[in-house]
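Report on the structure
If you want the building blocks of each chain, they are given just below.
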Amino acid sequence: MGRTRKPKLAVWKFASCDGCQLSLLDCEDELLDVVGAVEIAYFPEATRVSSRGPYDLSLVEGSITTLDDIRRIATIRKASKRLVTIGACATAGGIQALRNFKDVHEFVAAVYARPDYIDTLDRSLPIAHYVPVDFELRGCPINKYQLLELLSALLAGRRPSFPEHSVCIECKRRGAVCVMVAQGTPCLGPITHAGCGAICPAFARGCYGCYGPMETPNTASLGERWTALGVPPAAQARALRTFNAWAEPFRAAADAAAAAGKDRQP
Amino acid sequence: MKTRVFQREGLQPLLEALAEQFDRIIGPTVRDGAIVLDEIASDADLPAGWTDDQQPGRYRVGWRDDEAVFGFAAGPHAWKRFLAPPDVRIWTVRRDAGRLQFEPGRTVPRRDAFVGVRPCDLAALDILDRVYLQGPYVDPGYQARRQAIGIVAVNCTAPGGTCFCASMGTGPRAGAGFDLALTELVGDGRHEFLAEAGSARGEGWLDKVPSREASADDRAAAARALEEAAGRMGRRLDAEGLGDLLYDHLDHEAWDDVAARCLTCGNCTLVCPTCFCTLVEDRSSLGGESAERWKRWDSCFSREHSYIHGGYLRASGRSRYRQWMTHKLAGWHDQFGTSGCVGCGRCITWCPVGIDITEEARRIRGAEGTPAAERIRS
Ligand code: SF4
Ligand code: SF4
Ligand code: SF4
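What comes next is a walk through the structure. (Residues numbered from 1 in each chain as written. Chains lettered and ligands numbered in written order. Predicted model: local features only at pLDDT ≥ 70, side-chain atom pairs only at ≥ 80, totals over all residues. Heavy atoms only, no water.)

A few points about the site of ligand 2
Residues and elements named next belong to chain B.
- Around ligand 2, the surrounding shell consists of Phe164, Cys272, Pro273, Trp324, Lys328, Cys341, Val342, Gly343, Cys344, Gly345, Arg346 and Cys347.
- Going through the elements one at a time, helix H11 (317–336) and helix H12 (346–349) are the ones with two or more residues in the shell around ligand 2.
- In the shell around ligand 2, the residues fall into eight nonpolar, two polar and two charged. (Near = heavy atom within 4 Å. Helix = DSSP H or I, 4+ residues; strand = E, 2+ residues; numbered from the N terminus. Nonpolar A, V, L, I, M, F, W, Y, C, P; charged D, E, K, R; others polar.)

Points about the interface of chain A and chain B
- Contact residues are listed per partner, giving 40 residues for chain A and 50 residues for chain B.
- Between chain A and chain B the total buried area reaches about 3,300 Å² when both faces are included, carbon and sulfur atoms providing 52% of it.
- Among the residues chain A hides against chain B, the three largest losses belong to Lys172(A), Arg173(A) and Val181(A). Together they make up 23% of the total.
- At the junction of chain A with chain B, the criterion picks out four salt bridges. (Contact = heavy atoms within 4.5 Å. Buried area = accessible area lost by both parts, 1.4 Å probe. Salt bridge = Lys/Arg side-chain N within 4 Å of Asp/Glu carboxyl O.)

Details of the packing of H11(B) against helix H13 (residues 357–365) of chain B
Residues and elements named next belong to chain B.
- With their axes 12 Å apart at the nearest point, H11 and H13 run at an angle of 90° to one another. Taken together, the axis directions place H11 and H13 in an arrangement best described as roughly perpendicular. Seen from H11, the contacting residues are Tyr321, Trp324, Met325 and Leu329; seen from H13, they are Ile357, Glu360 and Ala361.
- Partitioned by chemical class, the residues of the contact of H11 with H13 number six nonpolar, no polar and one charged. (Axes fitted to C-alpha atoms, helices over the stretch in contact; angles between N-to-C directions. Parallel < 35°, antiparallel > 145°, perpendicular 65-115°, else oblique.)

A closer look at a nonpolar patch on the surface
Residue and element names in this part refer to chain A.
- Taken together, the side chains of Val111, Tyr112, Tyr117 and Ile118 present a nonpolar region at the surface, about 440 Å² in accessible area.
- By the secondary structure assignment, tyrosine 117 is in the loop between helix H5 (104–111) and strand E5 (135–137).
- What makes tyrosine 117 exposed here is its relative accessible area of 62%. (Patch = residues over 30% accessible without salt bridge, like charges linked within 9 Å, V, L, I, M, F, W, Y side chains within 5 Å. Areas by Shrake-Rupley, 256 points an atom, 1.4 Å probe, with all protein chains shown as cover. Buried < 20%, exposed > 50% of the residue type's maximum accessible area, 1.4 Å probe, protein only.)

Things to note about the nonpolar core
- Ranked by size, the top nonpolar core spans 59 residues in total, and within it Phe6(B), Leu18(B), Phe70(B) and Leu182(B) carry the most contacts.
- One finds Phe82(B), Phe114(B), Cys165(B) and Phe336(B) within the second-largest nonpolar core, a separate group that totals 33 residues. (Core = buried A, V, L, I, M, F, W, Y, C linked by side-chain atoms within 4.5 Å.)

Considering the environment of Arg118(B)
Residue and element names in this part refer to chain B.
- By secondary structure assignment, the location of arginine 118 is in the loop between strand E8 (112–117) and helix H3 (119–133).
- For arginine 118, a relative accessible area of 3% corresponds to the buried category.
- Along the primary structure arginine 118 and tyrosine 312 are separated by 194 residues, whereas in three dimensions their C-alpha atoms are 37 Å apart.
- Beyond its immediate sequence surroundings of up to four residues, arginine 118 is in contact with Phe70, Phe72, Val154, Asn155 and Cys156.
- Here the side chain of arginine 118 touches phenylalanine 70 through a polar contact of 2.8 Å, landing on its backbone oxygen.
- Polar contacts involving the side chain of arginine 118 include one to the main-chain carbonyl oxygen of phenylalanine 72, which spans 2.7 Å. (Polar contact = N/O pair within 3.5 Å; in protein donor to acceptor, adjacent residues only side chain to side chain.)

Below is the structure:
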């Protein structure tokens, strides 16, 4: 390919559980190829080696929750040719974005013995809120095959293939029987972004929405279906407020469901 | 061609005759709460005594009060799964000492015997043939797979709540395109199959099954069962002049109404036995030594499907539903000389929100919708 040097890869962590970065280490069969194709310049989970930027590709895990995070992501952006967020935290704010619906200082006061030691922002926000992002890998956690697709596409100079359609299309491709139609199990698949391969429906579970909203989610129509299946509005709001709670279409739908739930209270 | 009658016990020798000539037998079987299509090892895998209840957006398996083996309607899977599979590797290319070496995907197909093909699905295979084989370009993968199959059709005696093959002229009796067509005769202490051969090899399979000559009474019993079935269709579609009607009403408010309900999830297209849209995806290895080109099922309901340089042709759900329905019921006539719909009812049953193509067509026609109670079983 006439590459003179291997592209430098850096993996960064913000507010997150490390699960997404570990997907890279989980690429057992492909790990040697990855190491052969890129220079791992910064990846504390995997190696103590750390070389300075600039980096060809930065994978960023986690959401921004502190002032220091804001400064750090700006520096990383400057040092990176391409910046790709990995996972629901970095892309949508993560499960910790549930704080965005409440007063975080109340939590801090309730949880920590010395709340004055804690310096945190009011809200947990995605990376793209602060700096431009080149690609976003969805999921909680990400799918390692999508990560490999990202790396091989960037190395080959082609556009990675990340379909933005519903989970249903993956569900049907794999031949799973629709749990919502055949069992009346509420499923978020029709409004959820593809990427996981429809794992949950294939095991007779409804989709939990780990990959966030699909390209054109009709949350209102699915909400009506869930209501017909006997899911009360408050439970619908809870189902939408998980790893992608702060992603706009889920947030708006959950807010609407929560409001409808309150109306219903006697 | 021979027409004979065999007992319920004759199914196993029939399957054994098929097993001699084919790599796999694919047929209906119960899995995950549905009657799906999968590999069949023996007649014990067939759904004897099972049936289904189908309504818009709702499917449940249940028990019949007899032991009929084929007493159910079309299930979630269509046969295209085996003839035009969801994921097909078209080729692989490798770098080899500075040269590119191309290798086609699987070229020798599995020989599959399809058992239990419904008349609507048989009509769907004929439509797929027009699409893949009779246009200006032939799909070699489809052609190879298609030539390698054998077909045991089963006429439909238990239409479901979303079926309307009678409206589309595709069922409940199989016209042509089978090696063998069975009609199950069950009740009054009788459990037999009237078997009509459609090809010389179909006759050959029938010869391996203990059977007797079909009497006039047997034929009459089969005809009666099928006539009754035609009268029990859960749905109706007035196909008369429908294509022009749709073309004339591209701005009808019904499209807005359906768009408000449609999830643009794509389920309807993927369960449809005739929908054939695919996307092409390239994969490359990390080191750049090899690459693969894949063809995968896609849907006109995915936004990307209508992407051209500069944007999406069908950005809204409204335009996507309208595209699907007008293509099915109008565009196919212009393109392939046939309706794209065979009346199997799958898109109605497997739409998570129960959108009903017959009902949407009726709205455009301007007629009042049938009351819900009547819609379930008319
Ligand atoms: S199980 Fe869920 S993801 Fe699968 S087709 Fe049904 S609604 Fe869609
Ligand atoms: S459009 Fe619907 S009813 Fe017609 S063939 Fe396709 S799935 Fe069956
Ligand atoms: S008509 Fe139904 S199955 Fe088809 S895309 Fe719309 S919601 Fe999905």
